[in-house]
Every structure is written in structure tokens, then in C-alpha cells.
Amino acid sequence: MIYTKTPLTLAIREEVALTWNVTGDGERLYGGEESAAYRLDGHVVRVGPAWRGVAESEWCHAIAGHAAARLPEAVAPLPTADGATVVVVEGRPISCWPYVEGSWPDSDLPGRRAAGARLLARLHEALADCRPGPRPVPAFQESGLYGDSPQDAAELADPELDRWLAAFHAAHPVRHPLHGDYYTGNTLARDGALVAVLDWDETFVGAPEVELAAAALEWGDDEIGPSKEFVAAYHEAGGTAGPLDEEALAQLVRHKLRREYAYFHKAVRSGVEHDADDLDYHRVRVELFHRLRP
């Protein structure tokens, strides 16, 4: 896994102290492919990529705030004195968040997969009445979602998948904000319970079934059997997504895998050099895309 090496500079620390009265040198937290997170006492400072605009970040943060008002596990950024959540330092969007003690959960532990599904169901319920308006910039996951063939994944062109996605969305009109990247690495566990949902950069408005399928793949350890267990636990908890038959689960998972393929090659074009584990993971995911074809 490639993590960004963006530093917490003196200028950023000074601005954070001025804006949020948070001080300290900062301890780099594990993770972060695009944004770097640093712990300063009881807070986390996130240093975003220079290409991410303020309007996009504020839009995503507003959805996090909506969720946090209804769901204790949802972590939202702290506002500035004027009510914003982002300041720009050295061309990068900077935000400040409460620190939550915990570690990444293991979806293999007994009951952890079901707990992840139940938390997602509650998250979707919390977001069901949120109406944020158009996203300033389309989310990466939205490319190809409604039947348009994504140009950044031409090697995985699949007109049948494109037609299926268009038909699926025509038949499933419910839309509300989604987390956008709900996997174990964006949650935290402590004392056997899930205590936090983090990282809202990829949130977008879409059909909840899209996120349910993507999350089921991640929490199901890339296997359809455990993924079905995740879906069943989600529905038992009363999530907003409708039923997913085997074909729908497979095709929505394939959309996610095609976006992963595009992201991998986007990273390569930006100069990222993947190690052997990354390359093997990429190969396995591409094989899964083809294997799941109905």
C-alpha cells in the first residue's frame, strides 16, 4: 500500500494553532493514500492534496456533519470561527478533527462483519434525509456508474455491464449521500466495538445499493459468500438499500473493481511505484472483475 508523504510543515502548524487553537509537532497516523493525518494531542489534522478544492472538501464535510448529528460513530471536522471547516495553507486544504482512540477492525473476527454491516445501515439511515445539492466535482466512483463507459478503464470495457448499470439505476430511484469508501480502513474499533467512521473525501449522492455492494466486498474479504452475510446483516438492521440478488451484487461489485483499476493506473501516471504486494493485489482484483461476470 502506497501512503502519501505529505509533511506537517511549520506553516500548517502555525495556521492550525491560530484557527483551532490546536498545537503540537504532530504524530503521523498510519494510512492515507491522498491525505496525510497527524495527531496533535486530542485532535487530528488532515493535510489534503493540492488538487482538491475547498468547495469539494466543504461539501463532503457538510455531509459528515449531518451524519455526526445523528450517528455517534460518525466523525466530523471542527468548524473555524466563521463556520468553515477548511483553511488553505501552502496550496493544500487543511482540516481539524477530533481524535478517536481505536484501531482498524479485523473483519474476520466473530461478529465484526455483521457489526460493520449494522453500522453501515445506521449510517445510511442517518443520511437518508440529507439533501446537499450537487457535488462541486464528481466523485471518482461516479464515473461509469450510470451506464457511460468510463474512459479511464478502457481495458475493462464491458458494454453489458454499462447497460446493466443504466437499467439498475432506472429501476432504483432512491438517492441519498453515501460515505463513498466504507471499508475497514475507514473505521475504528475499540474494546470489541466499532467506534468511528472516518474519511469523508469520497462521499457522493447515489443509490444506497451501490455502497452496500462495495462494502460487502471489502468486509467480506473479497469473497461472495461472506459478502452475502454482510448484505443480510445490513438488511436485518434496517438499512435504506433494497434487496440485492446475486446478479446485482456481482455487477455492482464489478463497477467498484473497475474504478479500482482506474485508480491504480491514475496512481501510476502520477509517478507512484507499486511494490510486489500492490501489483499482486491489483492482478487479483482484475481477475475477480472477470470472474464475477454473470
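Everything that follows concerns the structure shown earlier in this document.
Notes on the structure in this doc start here. (Residues numbered from 1 in each chain as written. Predicted model: local features only at pLDDT ≥ 70, side-chain atom pairs only at ≥ 80, totals over all residues. Heavy atoms only, no water.)

1. Re the packing of aromatic side chains
Applying the stated rule across the entire model yields five aromatic pairs. Consider the rings of Phe-140 and Tyr-263, whose centres lie 5.7 Å apart with planes at 85°: the pair is edge-to-face. One end of the pair, Phe-140, is in the loop between helix 3 (112-127) and helix 4 (159-171); the other, Tyr-263, is in helix 7 (residues 246-269), and 123 residues separate them in sequence. For the ring pair Trp-219 and Phe-230, a centre distance of 6.2 Å and an interplane angle of 35° mean the geometry is tilted. Here the residue Trp-219 occupies a position in helix 5 (residues 208-219), and Phe-230 occupies one in helix 6 (residues 224-236), the gap between them amounting to eleven residues. Across the pair, Phe-230 and Trp-219 agree in class, each one buried. Members of the aromatic cluster, connected to one another through ring pairs, are Tyr-182, Trp-219 and Phe-230. Over the ring of Tyr-38 we find Arg-28; its NZ or CZ atom is 5.8 Å from the centre of that ring. Across the ring face of Tyr-99, the terminal group of Arg-39 is positioned such that the distance to the ring centre comes to 3.8 Å. (Phe/Tyr/Trp six-rings, centres within 6.5 Å; stacked < 30°, edge-to-face > 60°. Helix = DSSP H or I, 4+ residues; strand = E, 2+ residues; numbered from the N terminus. Buried < 20%, exposed > 50% of the residue type's maximum accessible area, 1.4 Å probe, protein only. Lys NZ or Arg CZ within 6 Å of the ring centre and 35° of its normal.)

2. A look at unusual backbone geometry
You will see that Asn-21, though not glycine, has its phi angle at about 55°, which is positive. Here Asn-21 is to be found in the loop between helix 1 (10-20) and strand 1 (27-28). Accessibility expressed as a relative area gives 67% for Asn-21, which makes it exposed. Phi at Asp-191 takes a positive value of approximately 55°, unusual for a residue other than glycine.

3. Description of the sheet that holds strand 3 (residues 43-47)
Taken in spatial order, the five strands of this open sheet run 1-2-3-5-4, and their pairing is antiparallel. Two strands lie at the open edges of the sheet, namely strand 1 and strand 4 (87-89), each paired on one side alone. In this structure, strand 4 lies alongside strand 5 (residues 92-98), joined through three bridges in antiparallel fashion. By the bridge assignment, Val-87 is partnered in strand 5 with Ile-94. (Pairing = 2+ DSSP bridges.)

4. Comments concerning the side chain of His-255
When you line up the elements, His-255 lands in helix 7. Polar contacts involving the side chain of His-255 include one to the main-chain carbonyl oxygen of Gln-141, which spans 2.8 Å. Apart from residues lying up to four places away in sequence, His-255 is in contact with Gln-141, Ser-143, Gly-144, Leu-145, Leu-161 and Leu-165. (Polar contact = N/O pair within 3.5 Å; in protein donor to acceptor, adjacent residues only side chain to side chain. Contact = heavy atoms within 4.5 Å.)

5. Here we look at the packing of helix 5 against helix 7
The axes of two packed helices give the description: the angle between them and the distance between them. In contact at an axis separation of 9 Å, helix 5 and helix 7 are set at 75° when each is read in the N-to-C sense. The angle between the axes of helix 5 and helix 7 places the two elements in the roughly perpendicular class. Seen from helix 5, the contacting residues are Glu-209, Val-210, Ala-213, Ala-214, Ala-216, Leu-217 and Glu-218; seen from helix 7, they are Leu-249, Leu-252, Val-253, Lys-256, Leu-257 and Glu-260. The residue inventory of the contact of helix 5 with helix 7, partitioned by class, reads nine nonpolar, no polar and four charged. (Axes fitted to C-alpha atoms, helices over the stretch in contact; angles between N-to-C directions. Parallel < 35°, antiparallel > 145°, perpendicular 65-115°, else oblique. Nonpolar A, V, L, I, M, F, W, Y, C, P; charged D, E, K, R; others polar.)

6. Focus: the pattern of salt bridges
The final tally for this structure, using the stated rule, is 21 salt bridges. The partner of Arg-46 in a salt bridge is Asp-201, and the shortest N-O contact between them spans 3.2 Å. Here Asp-201 lies in the loop between strand 8 (193-197) and strand 9 (204-206) and Arg-46 lies in strand 3, a separation of 155 residues in the sequence. Per residue, the accessibility class of Arg-46 equals that of Asp-201, and both read buried. Linking Glu-260 and Arg-285 is a salt bridge whose minimum nitrogen-to-oxygen distance equals 2.6 Å. One end of the pair, Glu-260, is in helix 7; the other, Arg-285, is in helix 8 (residues 276-291), and 25 residues separate them in sequence. (Salt bridge = Lys/Arg side-chain N within 4 Å of Asp/Glu carboxyl O.)

7. Quick notes on the nonpolar core
Counting 66 residues, the largest nonpolar core has Leu-123, Tyr-182, Trp-200 and Phe-230 as its most contacted members. If we ignore the near neighbours within four places in the chain, the residues touching Tyr-182 are Gly-116, Leu-119, Leu-120, Leu-123, Thr-187, Val-197, Glu-211, Ala-215, Trp-219 and Phe-230. Ranked by size, the runner-up nonpolar core spans 14 residues in total, among them Leu-40, Val-87, Val-89 and Ile-94. (Core = buried A, V, L, I, M, F, W, Y, C linked by side-chain atoms within 4.5 Å.)

8. Here's the deal with the packing of helix 2 (residues 54-68) against helix 3
Their axes nearest at 8 Å, the elements helix 2 and helix 3 cross at an angle of 105°. With respect to helix 3, the axis of helix 2 lies roughly perpendicular. Between helix 2 and helix 3, the residues in contact are Ile-63, His-66 and Ala-67 and Leu-123, Ala-126 and Leu-127, respectively. Each residue belonging to the contact of helix 2 with helix 3 can be placed in one class, and the counts come to five nonpolar, one polar and no charged.

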